[in-house]
Amino acid sequence: MKLISFFRSLLPLAALGFLAPALPAEETGLKLGLQCWTYRRYTLAETLDKAYAHQINALQAYVGQSLGGGLDGVFGPDMTDAQIDTLKGWLKQRGLTIVSTGVTGADDEAGWRKLVAFAEKLGIKTITTEAAQDQFPMIAQLIKGKNLRIALHNHPVPSRYADPAVSMAAIKDYPQFGICADTGHWQRDGRNPAEVLKEVGARVFELHFKDISEPLKNGHDMVWGTGIGHAHLQIAELRKINFNGYAFVEYEHDTHELDSDVAQCAMYFRRAVVADINTLIAGAVPPAGYTRDPAALWRDKWASFGQNWKSPVPLFKADLSNAEFAAGSWVLADGVLTSKGGGDIWTKESYGDFALSLEFKTEKGGNSGIFLRTSDTVNWLHNAIEVQIKQGDEDNPRHVVGSIFDVQAPTRQLPIEPGKWHRYVIIAKGANLMVYLDGEQVINLDLNQWTTAGKNPDDTPNKFQKAYRDMSREGKIGFQYHGDPISFRNILIERI
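The rules behind the values
- Starting from 1, residues in each chain are numbered consecutively following that chain's sequence as written.
- For this predicted model, a pLDDT threshold of at least 70 governs which residues receive local features, and a threshold of 80 or more governs which side-chain atom pairs are given and counted, while totals over whole chains, interfaces and linings are taken from all residues.
- Based on all heavy atoms of the structure, the side-chain values leave hydrogens and waters out of the count.
- Classification of residues uses two cut-offs on accessible area relative to the type maximum, computed with a 1.4 Å probe and protein chains only: under 20% is buried, over 50% is exposed, and between them is partly exposed.
- Per the convention used, a helix needs a DSSP run of H or I reaching at least four residues, while a strand needs a run of E reaching at least two, with both numbered from the N terminus.
- Note on pairing: DSSP must find at least two bridges between two strands before they are called paired.
- Handedness of a crossover is defined as follows: with both strands directed away from the viewer, a clockwise route from the first strand across the helix to the second makes it right-handed.
- Note on definitions: a residue-residue contact is assigned when non-hydrogen atoms from the two residues lie within 4.5 Å.

### Considering the pairing of strand E8 (residues 149-153)
The element E8 is extensively covered by neighbouring structure, given that four of its five residues are classed as buried. Bridge analysis of strand E7 (residues 126-129) against E8 gives four bridges, and the strand direction is parallel. Paired with Thr-129 across the bridge in E8 is Leu-152. Note that the unit made of E7, helix H4 (residues 136-143) and E8 has a crossover that is right-handed. Pairing analysis gives four bridges linking E8 to strand E9 (residues 177-182), with the strands arranged parallel.

### Some thoughts on unusual backbone geometry
Between Gly-102 and the following residue, Val-103, the backbone shows a cis peptide bond with an omega angle of 10°. Residue placement: Val-103 occurs in strand E6 (residues 97-104). At the junction of Val-157 and Pro-158, the peptide bond is cis and its omega measures out at 15° in the coordinates. With respect to the helices and strands, Pro-158 occurs in the loop between E8 and helix H5 (164-171). Phi at Gln-55 takes a positive value of approximately 60°, unusual for a residue other than glycine. Locating Gln-55 in the fold gives a position in the loop between helix H1 (44-53) and strand E3 (58-61). Classification of Gln-55 as partly exposed rests on a relative accessible area of 23%. The phi dihedral of Asp-406 is positive, around 70°, even though this residue is not glycine.

### Thoughts on helix H8 (residues 231-240)
In terms of burial, H8 is a largely internal element, seven of the ten residues being buried. The set of residues buried in H8 consists of Ala-231, His-232, Gln-234, Ile-235, Ala-236, Glu-237 and Leu-238. Structurally, H8 contributes buried residues whose contacts are with strand E2 (30-35), helix H6 (183-188), helix H7 (193-200), strand E10 (204-209), helix H9 (258-272) and helix H10 (277-281). Asn-242 sits one or two residues past H8 and shows a positive phi near 55°.

In short, the description is geometric, and any link to function would need to be established separately.
Encoded structure:
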């Protein structure tokens with residue numbers, strides 16, 4: 001499922017506040033939960049408040065999280081009865097339940113006895129583990145006759161149960177054993193999670209539900225429905241098999257927008273579980289604040305600029321036939337333009353006055369840029385206006401992200417996060433150039449103020465051999481490869 005674009009919903013903290021009403025139980029068997037590892041930077045007491053604020057009433061707790069709330073120690077089988085009673089009170093006060101714990105285990109039978117007894121005291125129904133298969137007979141005997149299940153977890157290769165076929169073979173003779181499927185790790189190992197769920201769904205007890213940025217080891221968590229994991233098809237498959245269990249939100253990726261991301265995941269889930277299933281499978285249930293209608297997106301966005309721009313088109317054709325670049329140096333696949341090394345990419349057409357909207361993603365320290373109105377793509381340095389992309393700090397404010405390179409600094413430096421998509425909106429009209437980064441205007445430049453070659457209006461030097469006002473008012477648009485990983489998507493342009 002590919003999104004044309006998105007604008008992140010602004011979720012005021014009050015909307016996620018501690019006084020939020022309790023969420024009614026979902027009508028389907030597929031239910032929403034929170035893996036407490038998502039809030040590993042917080043105590044368990046604080047995590048309970050987070051879950052309550054997000055209206056998520058089921059938790060998978062992990063052994064080792066600091067208890068907080070005035071209690072010493074960590075969550076796990078070493079908790080005292082008094083600590084367990086206090087925790088039960090916290091849960092009851094908020095209407096929450098710890099339904100599962102993991103990923104955990106023990107080295108021997110005594111350790112497993114202690115873990116099972118702890119789970120029973122808290123009413124936990126599932127222990128998620130990566131226990132070795134030679135422990136299975138002992139564990140099965142310990143939980144026999146109890147309202148308790150064991151779920152095997154899959155971390156990526158080379159972990160023990162990375163291959164779902166191994167897990168299925170291991171549990172086939174143990175009816176109280178199943179799978180805690182981490183669909184993000186399946187994606188990182190190159191598996192299609194919806195297809196795997198078709199194969200193993202009957203033995204899945206619970207999920208660490210994921211949608212990640214790319215099918216690689218460094219692919220990080222994304223708002224559900226916006227990554228490459230086909231979250232809609234995962235949910236559709238679970239609905240088709242009448243899955244009766246929990247899909248836990250688990251963010252392993254550190255993000256400054258964690259509360260917002262978790263809230264967006266929860267909103268998407270609640271829409272997806274009640275949507276018409278054929279509509280869901282067709283990919284027509286986007287997350288809140290997202291759209292797949294480029295005309296509607298363009299119309300709504302540009303209305304804020306007081307313009308009437310209604311006919312955006314992709315800057316590049318799907319086969320890149322309207323682009324100039326060294327063979328093999330750029331690839332456009334699934335809507336994402338990615339540099340493979342070997343030079344920049346340019347439009348064959350020239351553009352004068354235009355509005356350009358795009359998203360970009362770079363890695364730590366990554367450097368790139370967007371060239372505007374380029375009159376000479378060989379000697380582009382002195383014949384193009386560059387909107388800078390740079391992840392990380394720079395001593396020169398005219399070299400940071402959002403700047404017009406070496407010419408004008410942004411009104412303020414906005415942080416861009418490695419591996420995360422960020423949006424540029426660039427408007428060029430005559431001598432006026434405006435740049436918006438993630439919705440905030442950072443540049444409003446009048447080219448006519450640059451009257452001297454090699455110098456900015458404030459007498460600081462720049463490296464250009466001509467006065468910036470003499471840069472061509474029409475030319476090609478280019479995307480720079482500067483030796484670092486760089487990707488672009490949702491590249492739309494409107495002549496104005």
